[in-house]
Amino acid sequence: MRPDLPYALGGIALGAVLLGNAALAPDATAVRPLDVILVLAMAAALAMCRRFPVPALLVVTAAMLAFHLRVHAGVAASFPVLLAVYFAAWRGHRVVAALASLVFLGGFLARDVGTAPAGEAGQQLVERTSLLLGWFVAANVAGLVARQRRAYLEQVEQRAAEAERTREEVALRRAGEERLRIARDLHDSLTHSISVIKVQAGIAVHLARKRGEEPAAALLAIQEAGGAAMRELRATLQVLRAPDDDAGEVGTVGLARLDELAERTRAAGVPVRITVSGDPSGLPAEVDQAGYRVVQEALTNVARHAGRANTEVRIDCMPAQLSVVIIDDGWAAAEDRTPRDGLVTAGVGLTGMRERVTGLGGTLKADRQDGGGFAVRATFPLDSSARHGGSA
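Residues numbered from 1 in each chain as written. Predicted model: local features only at pLDDT ≥ 70, side-chain atom pairs only at ≥ 80, totals over all residues. Heavy atoms only, no water.

**Concerning the overall build of the protein chain**
Part 1 of the argument: Helices and strands together make up the secondary structure of the protein chain, namely 12 helices and 5 strands.
Part 2 of the argument: For the protein chain, buried positions account for 37% of its 392 residues.
Part 3 of the argument: Of the roughly 21,800 Å² that the protein chain leaves accessible, carbon and sulfur atoms contribute 60%. (Helix = DSSP H or I, 4+ residues; strand = E, 2+ residues; numbered from the N terminus. Buried < 20%, exposed > 50% of the residue type's maximum accessible area, 1.4 Å probe, protein only. Areas by Shrake-Rupley, 256 points an atom, 1.4 Å probe, with all protein chains shown as cover.)

**Some words on the pattern of salt bridges**
Part 1 of the argument: The tally for this structure, following the rule as stated, stands at 9 salt bridges.
Part 2 of the argument: Between Arg-266 and Glu-263 there is a salt bridge, with the nearest N and O atoms lying 2.9 Å from each other. In this pair, Arg-266 and Glu-263 both sit in helix H9 (residues 258-267), 3 residues apart, roughly one turn of the helix.
Part 3 of the argument: Between Glu-312 and Arg-314 there is a salt bridge, with the nearest N and O atoms lying 3.5 Å from each other. (Salt bridge = Lys/Arg side-chain N within 4 Å of Asp/Glu carboxyl O.)

**Quick notes on the packing of aromatic side chains**
Part 1 of the argument: All chains considered together, the criterion is met by 5 aromatic pairs.
Part 2 of the argument: With centroids separated by 5.8 Å and ring planes inclined at 45 degrees, the aromatic side chains of Phe-104 and Phe-136 adopt a geometry described as tilted. Here Phe-104, found in helix H5 (residues 94-115), pairs with Phe-136, found in helix H6 (residues 121-210); they are 32 residues apart in sequence, far enough to count as distant. In this pair, the class of Phe-104 matches that of Phe-136, namely buried.
Part 3 of the argument: By way of ring pairs, the aromatic residues Tyr-86, Phe-87 and Trp-90 are connected into one cluster. (Phe/Tyr/Trp six-rings, centres within 6.5 Å; stacked < 30°, edge-to-face > 60°.)

**Thoughts on the pairing of strand E4 (residues 363-368)**
Part 1 of the argument: Of the strand pairs in this sheet, E4 and strand E5 (residues 374-381) are connected by 6 bridges, and their pairing is antiparallel. The partner of Asp-367 across the bridge, within E5, is Ala-375.
Part 2 of the argument: Between the antiparallel neighbours E4 and E5 lie 5 residues, among them Gly-372 with a positive phi of about 105 degrees. (Pairing = 2+ DSSP bridges.)

**Quick look at the side chain of Ser-323**
Part 1 of the argument: Structurally, Ser-323 is set in strand E3 (residues 321-328).
Part 2 of the argument: In this structure Ser-323 comes out as buried when scored by relative accessible area, which is 15%.
Part 3 of the argument: The contacts of Ser-323, once residues within four sequence positions are left out, are Arg-314, Ile-315, Asp-316, Met-318, Ala-378 and Thr-379. (Contact = heavy atoms within 4.5 Å.)

**Let's talk about the layout of surface pockets**
Part 1 of the argument: Reported here for the largest pocket is a volume of approximately 1,100 Å³.
Part 2 of the argument: What lines the largest pocket is a set of 28 residues, among which Ala-225, Ala-229, Glu-232, Gln-296 and Thr-300 lie closest to the centre.
Part 3 of the argument: Those elements that provide at least two residues to the lining of the largest pocket are H6, helix H7 (217-241), H9, helix H10 (285-305) and helix H11 (348-358).
Part 4 of the argument: It is H7 that contributes the most residues to the lining of the largest pocket, 10 residues altogether. (1 Å grid on protein atoms, 1.4 Å probe; cavity = no way out; pocket = protein on both sides within 12 Å on 5 of 7 lines; lining within 4 Å. Points joined across faces, edges and corners; volume = space filled by probe spheres on them.)

**Points about the packing of helix H1 (residues 5-24) against helix H4 (residues 78-90)**
Part 1 of the argument: Look at H1 against H4: their axes get within 10 Å of each other, and the N-to-C directions meet at 155 degrees. As the angle between them shows, H1 and H4 are arranged roughly antiparallel. On H4, the residues that touch Tyr-7, Leu-14 and Leu-18 of H1 are Phe-79, Pro-80, Leu-83 and Phe-87.
Part 2 of the argument: Its residues assigned to classes, the contact of H1 with H4 shows 7 nonpolar, no polar and no charged. (Axes fitted to C-alpha atoms, helices over the stretch in contact; angles between N-to-C directions. Parallel < 35°, antiparallel > 145°, perpendicular 65-115°, else oblique. Nonpolar A, V, L, I, M, F, W, Y, C, P; charged D, E, K, R; others polar.)

**Observations concerning the sheet that holds strand E1 (residues 272-277)**
Part 1 of the argument: Read from one edge of the open sheet, 5 strands run E1-E2-E3-E5-E4, paired in mixed fashion. Looking at the sheet topology across the chains shown, the edges are occupied by E1 and E4. Direction aside, the axes of adjacent strands within the sheet are offset by 10 degrees on average.
Part 2 of the argument: Of the strand pairs in this sheet, strand E2 (residues 311-317) and E3 are connected by 7 bridges, and their pairing is antiparallel.

**Observations concerning H9**
Part 1 of the argument: Listed in full, the buried residues belonging to H9 are Leu-258, Leu-261, Ala-262, Arg-264 and Thr-265. For H9, the angular spread of buried residues about the axis comes to 160 degrees, placing them on one side. (Arc of directions from axis to C-beta.)

**Some points on the environment of Gly-359**
Part 1 of the argument: Secondary-structure assignment places Gly-359 in the loop between H11 and E4.
Part 2 of the argument: With 69 residues separating them along the chain, Gly-359 and Ala-290 place their C-alpha atoms 9.9 Å apart.

**Overview of a positive patch on the surface**
Part 1 of the argument: A surface patch of like charges, here positive, comprises Arg-91, Arg-94, Arg-147 and Arg-150.
Part 2 of the argument: Mapped onto the elements of the fold, Arg-94 is located in helix H5.
Part 3 of the argument: You can call Arg-94 exposed: its relative accessible area is 54%. (Patch = residues over 30% accessible without salt bridge, like charges linked within 9 Å, V, L, I, M, F, W, Y side chains within 5 Å. Lys, Arg positive; Asp, Glu negative; His and termini not counted. Charge placed at Lys NZ, Arg CZ, Asp CG, Glu CD.)

**Looking at the nonpolar core**
Most often, soluble globular proteins keep nonpolar side chains buried together rather than apart.
Part 1 of the argument: By size, the foremost hydrophobic cluster in this structure holds 37 residues, and its most contacted members are Leu-18, Met-42, Val-60, Met-64, Phe-67, Phe-104 and Phe-136.
Part 2 of the argument: With 8 residues, helix H3 (residues 53-71) is the single largest residue contributor to this core.
Part 3 of the argument: Setting aside chain neighbours within four positions, we find Phe-67 in contact with Leu-18, Leu-19, Ala-22, Asp-35, Leu-38, Val-39, His-72 and Ala-73.
Part 4 of the argument: Membership of the second largest hydrophobic core comes to 34 residues, among which are Leu-255, Val-270, Leu-364 and Val-376. (Core = buried A, V, L, I, M, F, W, Y, C linked by side-chain atoms within 4.5 Å.)

**Overview of a nonpolar patch on the surface**
Part 1 of the argument: Taken together, the side chains of Leu-133, Val-137, Val-141 and Val-145 make up a nonpolar region of the molecular surface, amounting to roughly 320 Å² of accessible area.
Part 2 of the argument: Tracing the backbone through its elements, the reader meets Val-145 in helix H6.
Part 3 of the argument: What makes Val-145 partly exposed here is its relative accessible area of 49%.

**Re the confidence of the model for the protein chain**
Low-confidence regions, as indicated by low pLDDT, have predicted coordinates that should not be scrutinised in detail.
Part 1 of the argument: Summarising the model, the protein chain shows a mean pLDDT of 79, and 84% of its residues fall at 70 or more.
Part 2 of the argument: Low pLDDT, under 50, characterises residues 245-251; the predicted model gives this stretch 7 contacts beyond four residues in sequence or across chains.
Part 3 of the argument: In this model, residues 332-346 is a region of pLDDT below 50 whose contacts with residues beyond four sequence positions or in other chains number 24 contacts. (pLDDT = per-residue confidence, 0-100.)

Right, here's the structure in full:
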């Protein structure tokens, strides 16, 4: 009811003006109880004109016409009708507003002409007709203009929303096309090479066993790593090809596969010991995958740059955060933990880890140990707001 309050107050104010004018006008008759009821009906109708413009217009027109015929209140009786006509035209009821204007004007002028002194009827008719006709035409036109302006503003807002929706759809389509392009490039550039490595390692293992020899541990490690790389590549390609709504449902790696990762690392000649405290099964999927990738990258760096270093992996799942620590006792310094063959830019592994961790609101520290070796320490907040706000 609060939006109707200004209209109710306006009706009360106009009613007070009408009663005051009837009491002070020299040619007005005495106000009787029925006249007061007509004024109250007008005020009540104006209070409802926002929600029911046509019934309010009809009540106001009838009440004010009857009030003027009984009291001869003058042009003040047209003020409530003008207001009701404006709202009716604004709400799109043009015909009703025009008919109400004509009915009120006809009754009002007929009453004035019938009561005008002899010799003044023509002059009074012209004056009143010109004045009231201009007012009612202005009220109808103002209502129509206000309605057209509101429709224009709504159309502008609708066009802006449609343009924004179109931009979002174009951005999503371009993102999908880019994902498909990346998936094709990854498939064309990596799948064949990894498949060849896996097949050649498998052939070498088969030939060694055919000769009655035990396959070298390095060959077994290459065969296993090739198979794991193919599985992860297929999963990655599936994520890239999946729609946005389904991409998160594609299976990914996580800390539950640390034992498998450790076995492959041991097969490559790197002793690894894993310690897990807490329950990693309840971790958010993105944190679980990021933790696994940090361990994977750190163990890869150990195998490539630290020789046969003893490595310890510690996973600590706490209520508020996940802590991942990888420590080895190898001889390589921090600046030597990046490839020197010119194929990979120096620092790509550590940079990728840092971007992955900080993108989830966590922190990463990677540096050589005072007593030798290298340590990687990553922490991830488990609160979703901290993760999403930490990428800045």
